[in-house]
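# Fold and contact review
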Amino acid sequence: MALDQEYSPEELERLDKQFIWHPFTQMKDWLVEEPLIIAAGYGSYLEDVRGLRYLDGVSSLWVTIHGHRQEDIDRAVVEQLSRIAHSTFLGLSNVPAIKLAKRLVEIVPRSLTKVFYSDNGSTAVEISLKMAFQYWRQCQRRQPSKNRFISFINGYHGDTVGSVSVGGIDLFHKIYRPLLFKGIRVHSPYCYRCHLCKEYPGCHLSCLAEVEETMERYQGKIAAVIVEPLIQAAAGMIVFPPGYTQRVRELATKYNILFIADEVATGFGRSGALFACMHEGIEPDFLAVAKGITGGYLPLAATLTTQEVFAAFCGEYKEKKTLFHGHTYTANPIACAAALASLKVFERENTIGELQGKIAFLRNKLKSFGELKHVGDIRQLGFMVGIELVRDPDTKKSYPYGAKMGIKVTKEARKRGLIIRPLGDVIVLMPPLSMNYVEMEKLLEITYYSIKAVTER
Ligand SMILES: Cc1ncc(COP(=O)(O)O)c(C=O)c1O
């Protein structure tokens, strides 16, 4: 049965192809394929316009936390709608945004006391970069020569020009290089393909030497270092060895460099703690959050920072120390109400506590994937999983880009009732934190047999 009253599934497909350009999508392929058009969702499931159900294995691109149509969040959105949908945050405030800022400061690492809202992960990062840059021009002991950023190879911080400038994934970022500001990139610890050809833990994190040398060499020129704490998500769920991120934080402190934690992907429980920084007791100077902040309901983001950074922007009007940045939908009240409701669900359902058993279950079940002939590496941090497919596990040789192995596996999974989206040849699993054990079994079983069907045919 078609789920839309106005158009049939076929008409919707035709209209999609006629009018839409999809993100991160080769549209030539899209135009000849049968698109999946989602019309509804409930819990861990999505439903298409034909009424077919699929398990949502990637939380609708890493955002859904407590499942689709979570009653409390639904209600909070409707209640807020009965008051007001939007009012500007430039020169005005709103009730849910105030309550949410208070709540966020209560739950993030203690260093962070101020909340600057925006509406997606890229802008949350972009804002942290601008704040860090401007801070050194306005703080008490000014150092305007501190105007560059250290970032990591394989890092991903979004798609706006500033966040692409600190990106480190050539496939996405290289073409834009002439357009970008110049940064300093260092290797990240991709242990499966260690650039130093060492092995953890025998390596004693010797890759950190490059980070320290870079900080030392460019002393006085670096505004901040930006990192995805504990895991580079978009690069293919590259999990850092324990203690690595904390050491980068310590080095940043040693060389008087601000530390930006990009928790757009890891925030709100995804890593197994409320924020990934908490696994290693990290106190950042900036924290960028988005994706899961509203439980996966609405676009909202926040850049949190310290009192010290905030103070550098406070001055007489005529001094022009203002942060001249703001988006039209900043702190949208419906989005903030959804976020507040989501945080209440975290508390009431003990989401983080309940998650620990599920993470262990996932870890245990994932072991069997090692039996598959073309699985090279299995990486997991909390509820974030990357299964790297390789042509030859002995040499770790990858498939050619054009072989589209990751895409083929996800298509196979779709036939079996599971929605996943790969990162190259890394199969990503990132279920809603609310997914139950039976659904997790199904998620893993379909993924296993889809990989087997595609890589061992
Ligand atoms: C770590 C990280 N930072 C930033 C972003 C960009 O977020 P958005 O797509 O909301 O702009 C992403 C998106 O995947 C991300 O994973």
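Residues numbered from 1 in each chain as written. Predicted model: local features only at pLDDT ≥ 70, side-chain atom pairs only at ≥ 80, totals over all residues. Heavy atoms only, no water.

Moving on: the overall build of the protein. What the protein contains, in helices and strands, is 15 helices and 16 strands. The globule rule puts the C-alpha radius of gyration for 457 residues at 23 Å, and the 22 Å found for the protein is close to it. Projected onto its principal axes, the C-alpha coordinates of the protein cover approximately 65 × 60 × 45 Å. Across the protein, contacts joining residues at least 24 apart in sequence account for 71% of those joining residues at least 6 apart. Carbon together with sulfur atoms contributes 55% to the accessible area of the protein, which is approximately 21,500 Å² in total. Placing the 56 positive and 50 negative side-chain charges of the protein at their respective mean positions leaves the two points 5 Å apart. (Helix = DSSP H or I, 4+ residues; strand = E, 2+ residues; numbered from the N terminus. Rg over C-alpha atoms; globule rule 2.2 N^0.38 Å. Contact = heavy atoms within 4.5 Å. Areas by Shrake-Rupley, 256 points an atom, 1.4 Å probe, with all protein chains shown as cover. Lys, Arg positive; Asp, Glu negative; His and termini not counted. Charge placed at Lys NZ, Arg CZ, Asp CG, Glu CD.)

Turning to the site of the ligand, a few remarks are in order. Inspection of the region around the ligand gives Trp62, Asn120, Gly121, Ser122, Tyr156, His157, Gly158, Glu228, Asp262, Val264, Ala265 and Lys291 as its neighbouring residues. In this structure, Asn120 approaches the ligand through a side-chain N or O atom, which is 3.3 Å from an oxygen atom. Notes on the ligand: free accessible area 390 Å², of which the protein chains cover 84%. Split by residue class, the shell around the ligand holds four nonpolar, five polar and three charged. (Near = heavy atom within 4 Å. Polar contact = N/O pair within 3.5 Å; in protein donor to acceptor, adjacent residues only side chain to side chain. Nonpolar A, V, L, I, M, F, W, Y, C, P; charged D, E, K, R; others polar.)

What follows deals with the environment of Ala132. Mapping Ala132 onto the fold places it in helix H6 (residues 121-138). A C-alpha to C-alpha distance of 8.5 Å links Ala132 and Asn147, two positions 15 residues apart in sequence.

All right, on to the nonpolar core then. Among the nonpolar cores identified, the biggest contains 95 residues, and Trp62, Leu104, Tyr117, Met215, Phe268 and Ile387 are the most heavily contacted of them. Excluding residues that lie within four positions of it along the chain, Tyr117 makes contacts with Phe89, Ala97, Leu100, Ala101, Leu104, Leu300, Ala301, Ala302, Thr330, Ala331 and Cys336. Counting 25 residues, the second largest nonpolar core, distinct from the first, contains Cys139, Phe149, Ala224 and Ala290. (Core = buried A, V, L, I, M, F, W, Y, C linked by side-chain atoms within 4.5 Å. Buried < 20%, exposed > 50% of the residue type's maximum accessible area, 1.4 Å probe, protein only.)

To summarise the sheet geometry, strands pair through backbone hydrogen bonds and adopt either a parallel or an antiparallel arrangement. Read across the sheet, three strands follow the order E13-E14-E16 without closing on themselves; strand pairing throughout is antiparallel. At either margin of the open sheet sits one strand with a lone partner, and together these are strand E13 (375-381) and strand E16 (426-429). The average undirected angle you get between the axes of adjacent strands in this sheet is 15 degrees. As paired elements, E13 and strand E14 (residues 384-389) share six bridges and run antiparallel to each other. Paired with Ile378 across the bridge in E14 is Ile387. Relative to E13, helix H13 (residues 351-366) is tilted by about 170 degrees, and along the sheet it contacts E13 and E14. Against the sheet, helix H15 (residues 437-455) makes contact with E13, E14 and E16, and its axis sits at roughly 165 degrees relative to E16, the strand it touches most. (Pairing = 2+ DSSP bridges. Axes fitted to C-alpha atoms, helices over the stretch in contact; angles between N-to-C directions.)

Turning to empty space enclosed by the protein, a few remarks are in order. Within the structure shown, the criterion is met by one cavity of 30 Å³ or more. Taken as a whole, the largest cavity holds about 100 Å³ of empty space. Taken together, the residues of the lining of the largest cavity break down into ten nonpolar, three polar and two charged. (1 Å grid on protein atoms, 1.4 Å probe; cavity = no way out; pocket = protein on both sides within 12 Å on 5 of 7 lines; lining within 4 Å. Points joined across faces, edges and corners; volume = space filled by probe spheres on them.)

Looking now at the packing of aromatic side chains. Evaluation of the coordinates by the stated rule reveals eleven aromatic pairs. Their ring planes at 70 degrees and their centres at 6.4 Å tell us that Phe152 and Tyr244 sit as a pair that is edge-to-face. In this pair, Phe152 sits in strand E5 (residues 148-152) while Tyr244 sits in helix H10 (residues 244-254), placing the two residues 92 residues apart along the sequence. According to the relative accessible area criterion, Phe152 is buried, its value standing at 2%. Where Phe361 meets Tyr437, the ring centres are 5.1 Å apart and the plane angle is 90 degrees; that geometry is what we call edge-to-face. In this pair, Phe361 sits in helix H13 while Tyr437 sits in helix H15, placing the two residues 76 residues apart along the sequence. Among the aromatic side chains, those forming a connected cluster through ring pairs are Phe24, Tyr156 and Phe172. Above the ring of Tyr45, the side-chain terminus of Arg53 is found at 3.9 Å from the ring centroid. In this structure, Lys146 is placed above the aromatic ring of Trp136, and the distance from its NZ or CZ to the ring centre is 4.5 Å. (Phe/Tyr/Trp six-rings, centres within 6.5 Å; stacked < 30°, edge-to-face > 60°. Lys NZ or Arg CZ within 6 Å of the ring centre and 35° of its normal.)

Taking every second residue as pointing to the same face, both faces of strand E11 (residues 286-289) are buried, with Phe286 and Ala288 on one and Leu287 and Val289 on the other. Examined bridge by bridge, strand E10 (residues 258-262) and E11 share three bridges and lie parallel to one another. Note on E11: the bridge partner recorded for Asp262 is Ala288. Across four bridges, the pairing between E11 and strand E12 (residues 301-305) is antiparallel. Bridging from a neighbouring strand, Phe286 pairs with Thr305 of E12.

Computed from the structure, the second largest pocket encloses a volume of approximately 600 Å³. Forming the walls of the second largest pocket are 24 residues, and the residues nearest its centre are Val115, Phe116, Met131, Phe310 and Leu323. Secondary structure elements with two or more residues in the lining of the second largest pocket: strand E4 (114-118), E12 and helix H11 (307-311). Sorting elements by how many residues they give to the lining of the second largest pocket places E4 first, with four residues.

Within the sequence span of helix H4 (residues 71-81), burial applies to Asp72, Ile73, Asp74, Ala76, Val77 and Gln80. Check the buried side of H4 and you find it contacts helix H5 (95-107) and helix H12 (333-348). If you check the start of H4, you find a side-chain oxygen 2.8 Å away from the backbone N of Asp72, and it comes from Gln70.

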